[in-house]
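# Remarks on the overall topology
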Amino acid sequence: MATNAIDRTRRMLSLVTYLRERPGARVDEVARAFGISQDELISDLSVLPMCGTSFRGGDLLDIDTDGEHIWWYNAEATGSSAGEPLRLAADEATALLVAARAVATLPGLRDGDREALLRATAKLEAAAGESAGASSRLSVTFESEGEVFAVADRALTERRRLRIRYYSPGRDELTDREIDPVRLFAVGHTYLEAWCRRSEARRTFRLDRVASVELLDTPADPPPVEPRDLSEGLVQPAASDPEVIIEVGPGGRWVAEYYPHDTAEELADGGLRITLRTPDPATLRRLALRLGGDGRIVAPVELADSAREAARAALAAYDTLV
């Protein structure tokens, strides 16, 4: 199994401690200590200079290598002085205040939560002083997902049923449903798990695919269901699911980090040959279209052919519009 983003993050956090204690460490020795190739280590080192206690230059890690040794020029950035109390800069205070005021305007927000947020905002304004002035000239408007979240959250609190209009990308259609909410959770996107009265089964709805939502007076009464284990992600393919093989170029390597897969083999051009399983291979056509020139479906052949046809149809529709 290929190293995922979480594993890499843990490794780089350990790498920071390791390098701080070993000035001028040799690249080959560090790679051997972490059980990775020198190329993987160099890749990690290219990311570390973008990390630090803030995004300001002086707080970022100043780490470099000549290919043989690793040099850290501001190791004190993570030393004892880094534990000093942090103060909000003007841009940070502005961002927090704008976000807080925007959240406070969400429809469906519980009164107690809104009051607590407004109290916290007032304290932040007082602490920021003159830095808070710029925030009063800025505003944020949430897209529909924020409103859907607020209504769904209220439905959960008040145990009421929802009526939604939901877009299903696999069937490319909108359907009207009445659902009894079970819980909200986030795995990359925000989802609502609910008992669907249309299908009489548990379903998971992605909030940005909810075209409209209405809070009903009908009490929600979902049957007892065991919460799904999401520790391995939202999509958890079974061994019996159909196998799909995708080849991606360097620009498509992110697929291995976002899609559960069986194997990810390195290709000569810096890309990957990814083998994964899915209960509905047709849903990967959208992935193929998104990848464009950065990837292609290799197998099954029928899926590769349908992806090419979808791409041709998309291009034809684009030519018609242009």
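The sections below set out a description of the structure shown in this document. Each residue is numbered by its place in its chain's sequence as written, counting from 1. For this predicted model, a pLDDT threshold of at least 70 governs which residues receive local features, and a threshold of 80 or more governs which side-chain atom pairs are given and counted, while totals over whole chains, interfaces and linings are taken from all residues. With hydrogens and water stripped out, all remaining heavy atoms of the structure feed into the side-chain values.

## Comments concerning the pattern of salt bridges
Any carboxyl oxygen of Asp or Glu within 4 Å of a side-chain nitrogen of Lys or Arg constitutes a salt bridge here. For the structure on display, the rule yields 22 salt bridges. For Arg-161, the salt bridge is made with Asp-180, and the minimal N-O distance between the two is 2.7 Å. Taken together, the residues Arg-161 in strand 3 (residues 160-168) and Asp-180 in strand 4 (residues 173-187) connect sequence positions 19 residues apart. When sorted by exposure, Arg-161 lands in the same class as Asp-180, which is buried. Taken together, the shared-partner salt bridges connect Arg-161, Arg-163, Glu-178, Asp-180, Arg-197 and Glu-214 into one network. Secondary structure elements follow DSSP: runs of H or I no shorter than four residues count as helices, runs of E no shorter than two count as strands, and numbering proceeds from the N terminus. When accessible area is computed with a 1.4 Å probe and restricted to protein chains, residues below 20% of their type maximum are described as buried, those above 50% as exposed, and intermediate ones as partly exposed.

## What about a negative patch on the surface?
Exposure above 30% relative accessible area and the absence of a salt bridge qualify a residue for a patch, where like charges join within 9 Å and nonpolar side chains (Val, Leu, Ile, Met, Phe, Trp, Tyr) within 5 Å. Here, Shrake-Rupley sampling with a 1.4 Å probe gives the accessible areas, and only protein chains in the shown set may cover a residue. In summary, the charge assignment counts Lys and Arg as positive and Asp and Glu as negative, without counting His or the chain termini. One atom stands in for each charge, and that atom is NZ of Lys, CZ of Arg, CG of Asp or CD of Glu. Taken together, the side chains of Asp-62, Asp-64, Asp-66 and Glu-68 make up a negatively charged region of the molecular surface. Here Asp-66 shows up in the loop between strand 1 (63-65) and strand 2 (70-72). What makes Asp-66 exposed here is its relative accessible area of 51%.

## Points about the packing of aromatic side chains
Working definition: an aromatic ring pair is given by the centre-to-centre distance plus the angle between the planes. Side-chain rings of Phe, Tyr and Trp, where Trp is taken by its six-membered ring, are said to pair if the distance between their centres is within 6.5 Å; with planes under 30 degrees apart they count as stacked, over 60 as edge-to-face, and otherwise as tilted. Taken as a whole, this structure holds 2 aromatic pairs when the rule is applied. Ring centres 5.3 Å apart and planes at 80 degrees place the aromatic pair Tyr-18 and Phe-34 in the edge-to-face group. Of this pair, Tyr-18 sits in helix 1 (residues 5-20) while Phe-34 sits in helix 2 (residues 27-34); the two residues are 16 residues apart in sequence, bridging distant segments of the chain. Aromatic side chains Tyr-166 and Phe-205 sit 5.0 Å apart centroid to centroid with 80 degrees between the ring planes, which places their arrangement in the edge-to-face category. Of this pair, Tyr-166 sits in strand 3 while Phe-205 sits in strand 6 (residues 201-206); the two residues are 39 residues apart in sequence, bridging distant segments of the chain. The exposure class of Phe-205 is buried, given its relative accessible area of 2%. The criterion for a charge sitting over a ring is simple: Lys NZ or Arg CZ within 6 Å of the ring centre, and within 35 degrees of the ring normal. Between the NZ or CZ atom of Arg-22 and the centre of the ring of Tyr-18, over which it lies, the distance is 3.8 Å.

## Focus: the side chain of Glu-193
Checked against the element boundaries, Glu-193 lands in strand 5 (residues 189-196). Assessed through its relative accessible area of 1%, Glu-193 is described here as buried. Looking at Glu-193, its side chain comes within polar contact range of the side chain of Arg-183, at 2.6 Å. Within 3.5 Å is the distance limit for a polar contact, defined as a pair of N or O atoms, with the added protein rule that one can donate a hydrogen and the other accept it, and that residues adjacent in sequence qualify only through two side-chain atoms. A distance of 3.1 Å separates polar atoms of two side chains, one belonging to Glu-193 and the other to Arg-202.

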